[in-house]
Amino acid sequence: MAVTDIVAAPAPSTRGTKKKLKASPVIFVIRKVATLLITLFFASLIVFFSRFILPGDPARFLLRGRSPNPAALAAITKQYGLDKPPVEQYLSWVGGILHGDWGRSLAYRQDVSEVLLARLPVTLELVALAAVFITVLGLAAGILASLNKGGWDRFILISVTAAGAIPPFVAAIALTALFSVQLGWFPSFGSGSGGLDRLWHLTLPSLALGVTYIAFMARVTRSSMNEQLTREHVEVATSRGLKPSAVVFRHVLRNAMAPILTVSGVLIAGLLVSSAIVEQTFGLAGIGGLLVQSIDRLDFSVVQAIVMIVVTAFVVANTIVDLIQPLLDPRIAAGTESR
């Protein structure tokens with residue numbers, strides 16, 4: 001090949017590569033949203049059709065144990081749409097959800113949305129306060145354990161391991177006995193009247209709900225921080241004379257956030273499910289206690305609504321985590337770094 005041919009040969013075009021790199025974040029977001037919708041679709045199928053494999057007839061429940069009158073049974077069945085084919089019932093149920101209609105409660109004789117709206121705020125406030133405790137105490141314990149090798153590291157690790165083995169109902173009893181009965185600092189029953197009174201009433205329940213997850217968050221933070229402390233860029237930043245606090249927050253904690261965020265997405269569903277035990281212990285009128293009562297009463301519409309709320313919260317939280325992670329590490333969106 002002549003030298004002139006080599007010189008005249010056109011340089012490889014980078015236009016397609018640039019377009020691909022620019023489009024990759026968009027494709028990443030579209031893929032995650034599509035996964036979210038597909039997951040919710042299959043979850044709705046499982047939640048709805050599981051009703052047909054469970055024992056018990058909701059129409060007979062409305063008769064309150066009386067001898068079933070065929071005419072009354074047929075009227076109730078038609079009123080609640082139980083006489084329609086399962087597929088038609090499912091399509092009607094999903095269409096109603098998209099319009100804010102979750103059906104009608106068999107036990108409360110009112111719209112499910114009204115029943116949920118009366119209970120949901122307490123549970124959301126309980127979970128939100130528990131999430132604050134988990135984030136603050138879990139991150140603080142994990143960071144301290146990672147930065148203080150030796151005695152403090154072992155003490156924190158043993159403490160969080162022991163705390164992680166405590167079930168929520170045991171933590172609830174212990175916290176009530178100490179802070180309510182012995183010290184009298186916090187109330188042991190009810191959710192308060194709102195504002196600071198609500199915060200005061202929910203402090204012990206939220207701690208009981210989050211104690212296991214605080215320990216889990218601390219261990220994950222400690223492990224992720226220890227991994228980042230051995231990275232070359234951290235050693236370079238330290239050798240350049242940066243302040244230890246700047247090295248920790250800029251180069252260690254920021255890069256350690258990916259696994260911590262992944263764990264945070266999983267905790268959402270765990271808090272919602274575990275809230276049932278805590279709500280029963282502290283006498284809170286939330287959706288956790290409502291779920292237990294609805295299962296006992298065969299109130300399928302309420303059970304389906306609560307389960308779908310929990311599943312949706314879990315899936316949406318994990319999707320948000322997936323979308324936030326590329327902001328911390330762009331290689332994830334480009335497909336060069338796995339979670």
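Worth saying up front: this structure is predicted, and the values here are computed from it rather than measured.

Caption draft 1: Representation of the overall build of the protein within the structure. Counting secondary structure elements, the protein contains 14 helices and 0 strands. Listed N to C, the secondary structure of the protein is α-α-α-α-α-α-α-α-α-α-α-α-α-α in terms of helices and strands. Residues classed as buried in the protein amount to 39% of the 339 residues present. Contacts in the protein between residues at least 24 apart in sequence constitute 74% of all its contacts with a sequence separation of at least 6. Split by element, the accessible area of the protein, about 19,100 Å² in all, is 68% carbon and sulfur.

Caption draft 2: Focus on the side chain of Arg 119. Within the element layout of this structure, Arg 119 appears in helix H6 (residues 112-147). For the buried Arg 119, no salt bridge exists, and the shortest N-O distance to an oppositely charged side chain is 6.2 Å, to Glu 279. Looking at Arg 119, its side chain comes within polar contact range of the main-chain oxygen of Gly 286, at 3.3 Å. Excluding residues within four positions of it along the chain, Arg 119 makes contact with Tyr 108, Ala 285, Gly 286, Ile 287, Gly 289, Leu 290 and Gln 293.

Caption draft 3: Geometry of helix H8 (residues 168-182). Between the first and last C-alpha of H8 there are 20 Å, a value that for 15 residues agrees with the 21 Å anticipated at 1.5 Å per step. The sharpest bend along H8 reaches about 30° and sits at Thr 176. Once H8 finishes, Gly 184 follows within two positions and takes phi at roughly 70°, a positive value.

Caption draft 4: Structural detail: the packing of aromatic side chains. The final tally for this structure, using the stated rule, is 8 aromatic pairs. For the pair Phe 48 and Phe 49, a centre-to-centre distance of 5.3 Å together with 85° between the ring planes defines the contact as edge-to-face. Classification of Phe 49 by relative accessible area gives partly exposed; the value is 27%. Note on Tyr 90 and Trp 93: the rings are 6.4 Å apart at their centroids and 45° apart in plane angle, and the pair reads as tilted. Linking Tyr 90 with Trp 93, this pair stays in helix H5 (residues 86-98), spanning 3 residues, or about one helical turn. Feature note: the residues Phe 48, Phe 49, Tyr 90 and Trp 93 constitute an aromatic cluster, connected by ring pairs.

Caption draft 5: Quick look at the pattern of salt bridges. Per the counting criterion, the structure on display carries 2 salt bridges. Among the ionic pairs, Asp 111 bridges to Arg 104, the shortest N-O distance being 3.5 Å. Asp 111 gets classed as partly exposed once you look at its relative accessible area, which sits at 30%. Residue classification places Arg 104 among the partly exposed positions, given a relative accessible area of 34%.

Rules of the game
- Throughout, residues of each chain are indexed from 1 in the direction in which the sequence is written.
- Only residues with pLDDT of at least 70 are given local features in this predicted model, and only at 80 or more are side-chain atom pairs given and counted; all residues enter the totals for whole chains, interfaces and linings.
- Calculation of side-chain values draws on the structure's entire complement of heavy atoms; hydrogens and water are dropped beforehand.
- Only DSSP runs of H or I with at least four residues qualify as helices, and only runs of E with at least two residues qualify as strands; both kinds are numbered from the N terminus onward.
- Here's how the labels work: a residue is buried when its accessible area is under 20% of the maximum for its type, exposed when over 50%, partly exposed in between, all with a 1.4 Å probe on protein chains only.
- Note on definitions: a residue-residue contact is assigned when non-hydrogen atoms from the two residues lie within 4.5 Å.
- Exposure was quantified through the Shrake-Rupley algorithm and a 1.4 Å probe, taking into account, for residues, occlusion by the shown protein chains and nothing else.
- Working convention for charge: Lys and Arg count positive, Asp and Glu count negative, and His plus the chain ends are omitted.
- In what follows, salt bridge is the name for a side-chain nitrogen of Lys or Arg lying within 4 Å of a carboxyl oxygen of Asp or Glu.
- Residues adjacent in sequence count toward polar contacts only when both atoms are side-chain atoms; beyond that, a polar contact is any pair of N or O atoms within 3.5 Å, and within protein one must be able to donate a hydrogen and the other to accept it.
- Helix span, expected: 1.5 Å multiplied by one less than the number of residues in the helix.
- Take the seven residues that end at a residue and the seven that start at it, fit an axis to each, and the angle between those axes is the bend at that residue.
- Centres within 6.5 Å make a pair out of two Phe, Tyr or Trp rings, where for Trp the six-membered ring is used; the pair is then stacked when the planes are under 30 degrees apart, edge-to-face when over 60, and tilted otherwise.

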